[in-house]
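What follows is each chain in one-letter form.
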Amino acid sequence: MSIHPAWLPPCAFLAGRRVLVDSDHPLADTVREEVIRAGGILTPHADLTFTAGPAGDAFTLTGDRVAADGPRGMIYGLFELARGGAAGRHEPSFERRMIDHWDNVDVHPVMGQVERGYSGGSIFWKDGVLRGDLGRVRDYARLLAAAGINAVTINNVNVHAAEARLLTDRRDEVVTLAREFRHFGIVTHLSINFAAPVILGDLPTADPLDPHVRQWWATIANSLCEDISDFGGFLVKADSEGQPGPFTYGRSHAEGANMLAAALAPHGGVVHWRAFVYNHRQDWRDRTTDRARAAYDHFAPLDGLFADNVIVQVKHGPIDFQTREPLSPVLTAMPSTRLAVELQVTQEYTGQQKHVCYLAPMWKEVLDSVHGDLTAVSNVGDDRYWTGHPLAQANLYAAGRLAWNPDPTAVLDEWMTLTFPEAPSELRTVLHRIMDRSWLTYEKYTAPLGIGFMVRPGHHYGPDVDGYEYTPWGTYHFADRDGVGVDRTSATGTAFAAQYPHSRYESTATCPDELLLFFHHVPYTHVLHSGSTVIQHIYDTHFDGVTEVESMLAAWQEASSLVDPDLHARVASRLDEQLRSATEWRDQMNTYFYRKSGIPDTHGRRIH
Ligand code: GCU
């Protein structure tokens, strides 16, 4: 079965056009290939001219010209024209826009090949080796470029034995992938294992202050950057969920990161050092330890101590990619440190690409408040639709494009234009009905008022209200017969709320309803700003959420004659599963909270 082209068929607008690409940069050849592929004519007497300045990704479109600040801007200008983009200046609000793959070379016994992957195996590796035919990787690079992405990390942040060797004796594979990505202006980065000097180098220690360790990394970086002249740098998950790190040697995260930064600095490379550091072996009886506090407690005191080429990479929320979280306070607490915000395109906690959940509206709220690098965990695999659920492609597209166009609905519209170029307006209407508010629908039947993690432990799919309640993972809801929620106030709780420069979250009077239970433990009868009580809100949103999924299914039936039958069938079967799962969520959640609280639904609907 053929691979779905996703959002980028040939650039049809070029057919018959006379085009001059007036640059001798290698990326000019990429643009020329696109022109020829689409039936355009390369000629000095052109009605469309591409030019490139020395550096930068921005470009200006006029009727007959793409004037790019730097070579990459020619590619971005080309794709802007393909989606019928407007004349004028186009500029990204994030300089580096990076997709992080959680791909393993081998199939991991628990996580599979792509950790938290819901779209099949890796598009890079198969049966433990790099794929022979990299045509799909080339297509993928083209898709990413059309979404405005300019960097990629090719392997999982949890770096296992085989993947650690990408740094050394398996480096050829990185060199080969970097060549494919470079063709579309995308720079390649690598996740590394902090203990590599011990694992690969036979050194007795990975202490970042040890001169032999520092020399080992410098030598590695030198040869790596010789093999890949535009190598981007390292991504590091250290002292997190069992990964090795500087704490083993009594060193700080700044000392660990700066050691790697020193090795890369002569070559212009950077270190993305993740702030996802917390105690994953805490005692659930201990009410003072709060996982939400951890990233700030570890990293805010280090502000100003990181080298210039270290970028601290921070998950957008303080816990872990839940359906609703406040912005991580780390993102506004380190003015003297370069930061990257990390989004999760792969839908680990938002329906695992079985449920429609267009995440751009959530990300927009995040991106409006932060600056630095934008990084996002990929949702792509070797599935013929790339992302399992065909509509989940829109999330990958949006992860890049939101840096250029902050309007989630407009970005969705662009995705439709490129993905279904022949689409009648009825299809757009149906897709907007299904997708525009799908994140809010998902929130309704899963995660009321900012409470997260009521998922089945391990795989994280489907409801299990108490699944994590008595575990060491630090993800609790504290429901009892009187109330629910986590007290994170300074007055009576863990004082996480005090990590913000404002006091909005400290009081129930000012805390927004959608985050109430993230910050407060309240009685079920607590009255929300909406006028409803907490318990009635739980019942209402769960009933509404299922009704909304039923409407999505009905809308998709209307599209049956408007799209390819195979694509229609794939989406329809996923919507069936979404409805089954949403019903299960509704019934488990409502039953659980009814049994805890003893308070009936005011509308007398069926609760088990
Ligand atoms: C989550 C996810 C893990 C992942 C981790 C991370 O906890 O479940 O699979 O490794 O995030 O971001 O490092």
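Procedures and definitions
Residues numbered from 1 in each chain as written. Predicted model: local features only at pLDDT ≥ 70, side-chain atom pairs only at ≥ 80, totals over all residues. Heavy atoms only, no water. UniProt positions renumbered as here; feature names shortened; annotations may be inferred. Helix = DSSP H or I, 4+ residues; strand = E, 2+ residues; numbered from the N terminus. Salt bridge = Lys/Arg side-chain N within 4 Å of Asp/Glu carboxyl O. Buried < 20%, exposed > 50% of the residue type's maximum accessible area, 1.4 Å probe, protein only. Axes fitted to C-alpha atoms, helices over the stretch in contact; angles between N-to-C directions. Parallel < 35°, antiparallel > 145°, perpendicular 65-115°, else oblique. Left-handed = near helix turned anticlockwise from the far one by under 90°. Contact = heavy atoms within 4.5 Å. Nonpolar A, V, L, I, M, F, W, Y, C, P; charged D, E, K, R; others polar. Pairing = 2+ DSSP bridges.

## With respect to the UniProt feature "domain: Glycosyl hydrolase family 67 C-terminal" (unreviewed entry) in the protein
UniProt annotation of "domain: Glycosyl hydrolase family 67 C-terminal" (unreviewed entry) refers to residues 387-605 when read in the numbering used here. Along residues 387-605, the helical share is 47% and the strand share 2%, with 37 Å between the first and last C-alpha atoms.

## Brief notes about the pattern of salt bridges
A full pass over the atoms with the stated rule returns 42 salt bridges. The partner of R171 in a salt bridge is D227, with the nearest N and O atoms 3.0 Å apart. Residue R171 is found in helix α5 (residues 171-182), and its partner D227 is found in helix α7 (residues 211-227); the two are separated by 56 residues along the sequence. Residue R171 is classed as buried on the basis of its relative accessible area of 9%. Judged by relative accessible area, D227 falls into the partly exposed class, the value being 42%.

## Comments concerning the packing of helix α11 (residues 393-401) against helix α12 (residues 408-419)
The geometry of α11 relative to α12 is characterised by a closest axis approach of 10 Å and an angle of 120° between their N-to-C directions. Classed by the angle they form, the pair α11 and α12 counts as oblique. Our pair here, α11 against α12, has a crossing hand that is right-handed. Here α11 contributes Q393, A394, Y397, A398 and R401 to the contact with α12, which in turn contributes V411, L412, E414, W415, L418 and T419. Of the residues belonging to the contact of α11 with α12, the class tally is seven nonpolar, two polar and two charged.

## A short note on the sheet that holds strand β3 (residues 48-52)
Spatial strand order, β2-β1-β3-β5-β4-β6: six strands in an open sheet with mixed pairing. Two strands in the sheet have a free side with no partner beyond their single neighbour: β2 (41-42) and β6 (88-90). Pairing analysis gives two bridges linking strand β1 (residues 18-22) to β2, with the strands arranged parallel. Residue pairing in the sheet places V19 in a bridge with L42 of β2.

## Here's the deal with the sheet that holds strand β15 (residues 270-274)
Within a beta sheet, neighbouring strands are joined by backbone hydrogen bonds and run either parallel or antiparallel to one another. Strand order in this closed barrel of eight strands is β7-β12-β13-β14-β15-β16-β17-β18, and the pairing throughout is parallel. Within this sheet the neighbouring strands show an average axis-to-axis angle of 25°, counted without direction. In the sheet, strand β17 (residues 338-344) pairs with strand β18 (residues 373-377) via five bridges, with the strands oriented parallel. Within β18, the position partnered with L343 by the bridge is A376. Taken strand by strand, α5 contacts β12 (151-153) and β13 (187-191), and its axis lies near 145° from that of β13.

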